[in-house]
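# Examination of the molecular architecture
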Amino acid sequence: VCLSVCLSVCLSVCLSVCLSVCLSVCLSVCLSVCLSVCLSVCLSVCLSVCLSVCLSVCLSVCLSVCLSVCLSVCLSVCLSVCLSVCLSVCLSVCLSVCLSVCLSVCLSVCLSVCLSVCLSVCLSVCLSVCIAAIGT
């Protein structure tokens, strides 16, 4: 009886302290990692997509409009405009989709990891504390 009472009191106190500390640390670390990963993925995807799209569009436009003299000027202007527009659109779409998915997955993983860590730590601490307290 004493052991079960001691364990229930100890676990409730320990878990509340552990979870509050763990969540504040875990969530801040998790959010920063998630955001950096998401941003790098979106940048690489958007760069590859926009480069291929803009190169094909600009080549077809410039070849039809220009002769060999103005081709380099046309390509440089077209590529700079196309890349800036494409990257801004692509990044905004990618980040909005990625952030909603990434954050929900990340937060659920973080919460489950935090909960399991706190449970294992609190169980071992409370068992040793309660056994020692009953022994004295």
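Here goes a summary of the coordinates provided. (Residues numbered from 1 in each chain as written. Predicted model: local features only at pLDDT ≥ 70, side-chain atom pairs only at ≥ 80, totals over all residues. Heavy atoms only, no water.)

For the rest of this paragraph, the subject is the state of the cysteines. Across all of its chains, the model carries ten disulfides by this definition. Two residues, C54 and C82, share a disulfide whose sulfurs are 2.0 Å apart. Between C54 and C82, the S-S torsion sits near -85 degrees, and that sign places the bridge as left-handed. In this pair, C54 is assigned in helix 1 (residues 2–65) and C82 in helix 2 (residues 71–135), connecting sequence segments 28 residues apart. Classification of C54 as buried rests on a relative accessible area of 0%. Put simply, C62 and C74 are joined by a disulfide, and their sulfur atoms are 1.9 Å apart. Between C62 and C74, the S-S dihedral sits near -85 degrees, and the bridge is therefore left-handed. Here the residue C62 occupies a position in helix 1, and C74 occupies one in helix 2, the gap between them amounting to twelve residues. Each of the two residues, C62 as well as C74, counts as buried. (Disulfide = S-S within 2.5 Å. Helix = DSSP H or I, 4+ residues; strand = E, 2+ residues; numbered from the N terminus. Buried < 20%, exposed > 50% of the residue type's maximum accessible area, 1.4 Å probe, protein only.)

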